[in-house]
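Structural characterization, general
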Amino acid sequence: PKSKRDKKITLSKTKKKTGLGPKQRLIEKLQDALDQFENVFIFTIFNNRNINMKSMRDAWKDSKFFIGKNKIMSLALGTDCANEHIANLHKVSKLLHGECGLLLTNQSVEDVRIFFEKHRCLEYARSGCIAPRTVTVEEGAQPHFGHTMEPQLRKLGLPEKMVRGVIHVESRHVVCRAGQRLNPEQCSL
């Protein structure tokens, strides 16, 4: 039988962010920012991690980034001429689809374009990504692999053996080829 004393107690005091409140606050924040800044840019996000967005926010301290549900952001901008916040913003809201965000800034169009063309963050590949280059593991000693990684490397299909606590690859192994879609094992290697 179940004990009456056995009660589940939550240790966190966080509240759920559901309902209309957070959505209304996002709309209000976006509309306030639209009044402050001259330019609005839409940017797409691929394989995004939080640290990359943090570095972009640090680089653009005088601007605002908004990433949220496209439907809510389009409501803040306005879906048609009748309910748009500022003239012609309903045209911008029609372009919001997929994983994207808004950059609101007073910088010139050319400065923003140059930044986004040059800005690249190195990140580990995820499953399903396209390999940008061919990656191989050469034959011989691999001192950068720790000895504790040996079982994992063998499981991932790397032809290796241990020699005096150092992993040695028995033959040259091609992990992936350029343009190939990556699977989880290739990403781990």
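Look up: the structure comes first, before these words.
A brief look at the structure comes next. (Residues numbered from 1 in each chain as written. Predicted model: local features only at pLDDT ≥ 70, side-chain atom pairs only at ≥ 80, totals over all residues. Heavy atoms only, no water.)

We now examine the pairing of strand E3 (residues 100-105). Among the six residues of E3, six are classified as buried, and the element is accordingly described as predominantly covered. A two-sided burial pattern is seen for E3, the buried positions comprising Cys100, Leu102 and Leu104 on one face and Gly101, Leu103 and Thr105 on the other. Note that strand E1 (residues 39-44) and E3 share six bridges and pair antiparallel. Note that in E3 the partner of threonine 44 across the bridge is cysteine 100. Bridge analysis of strand E2 (residues 64-66) against E3 gives three bridges, and the strand direction is antiparallel. Paired with lysine 64 across the bridge in E3 is leucine 104. (Buried < 20%, exposed > 50% of the residue type's maximum accessible area, 1.4 Å probe, protein only. Helix = DSSP H or I, 4+ residues; strand = E, 2+ residues; numbered from the N terminus. Pairing = 2+ DSSP bridges.)

Moving on to the environment of serine 55. Structurally, serine 55 can be placed in helix H2 (residues 50-59). Measuring from C-alpha to C-alpha, the distance between serine 55 and threonine 10 comes to 34 Å, with 45 residues separating the pair along the chain. In contact with serine 55, not counting residues within four places along its chain, are His119 and Cys121. (Contact = heavy atoms within 4.5 Å.)

Strands sit in the order E5-E7-E6 across an open sheet of three strands; the sheet is antiparallel. The strands lining the two open edges of the sheet, one partner per strand, are strand E5 (140-141) and strand E6 (160-163). In this sheet, strand E7 (residues 166-169) lies alongside E5 in antiparallel orientation, the contact comprising two bridges. Opposite glycine 140, over in E7, you have valine 169 as the bridge partner.

This part covers the packing of helix H1 (residues 20-36) against helix H3 (residues 70-77). Running from amino to carboxyl end, H1 crosses H3 at an angle of 45°, the nearest separation of the two axes being 9 Å. Judged by the angle between their axes, H1 and H3 are oblique. The way H1 lies across H3 gives a crossing that is right-handed. On the side of H1, the interface is formed by Lys23, Leu26, Ile27, Leu30, Gln31 and Leu34, while H3 contributes Ile72, Met73, Leu75, Ala76 and Leu77. Taken together, the residues that form the contact of H1 with H3 break down as nine nonpolar, one polar and one charged. (Axes fitted to C-alpha atoms, helices over the stretch in contact; angles between N-to-C directions. Parallel < 35°, antiparallel > 145°, perpendicular 65-115°, else oblique. Left-handed = near helix turned anticlockwise from the far one by under 90°. Nonpolar A, V, L, I, M, F, W, Y, C, P; charged D, E, K, R; others polar.)

Along H2, the positions that sit buried rather than exposed are Asn52, Met53 and Met56. All buried residues of H2 lie within an arc of 95° about the axis, which places them on one face of the element. Residues of H2 that are exposed and point more than 90 degrees away from the buried face comprise Asn50, Ile51 and Lys54. The elements touched by buried residues of H2 are E1, E2 and helix H5 (109-118). (Arc of directions from axis to C-beta.)

On to the sheet that holds E2. Taking strand neighbours across the sheet as the criterion, the three strands line up as E1-E3-E2 in an open arrangement whose pairing is antiparallel. Of all strands in the sheet, those with a lone pairing partner are E1 and E2, marking the two edges. Between one strand axis and the next, the sheet turns through 25° on average, direction left out of account.

All right, on to the pattern of salt bridges then. If the charged atoms of two oppositely charged side chains come close together, the side chains can form a pair. In this structure the tally under the stated criterion is six salt bridges. With a shortest N-O distance of 3.7 Å, lysine 61 and aspartate 58 are connected by a salt bridge. Taking relative accessible area as the criterion, aspartate 58 reaches 41% and is therefore assigned partly exposed. For glutamate 110, the salt bridge goes to arginine 113, with nearest N and O atoms at 4.0 Å. Here arginine 113 and glutamate 110 lie together in helix H5, a separation of three residues that amounts to about one turn. Overall, glutamate 110 belongs to the partly exposed group, its relative accessible area being 46%. On the accessibility criterion, arginine 113 (44% relative accessible area) is partly exposed. (Salt bridge = Lys/Arg side-chain N within 4 Å of Asp/Glu carboxyl O.)

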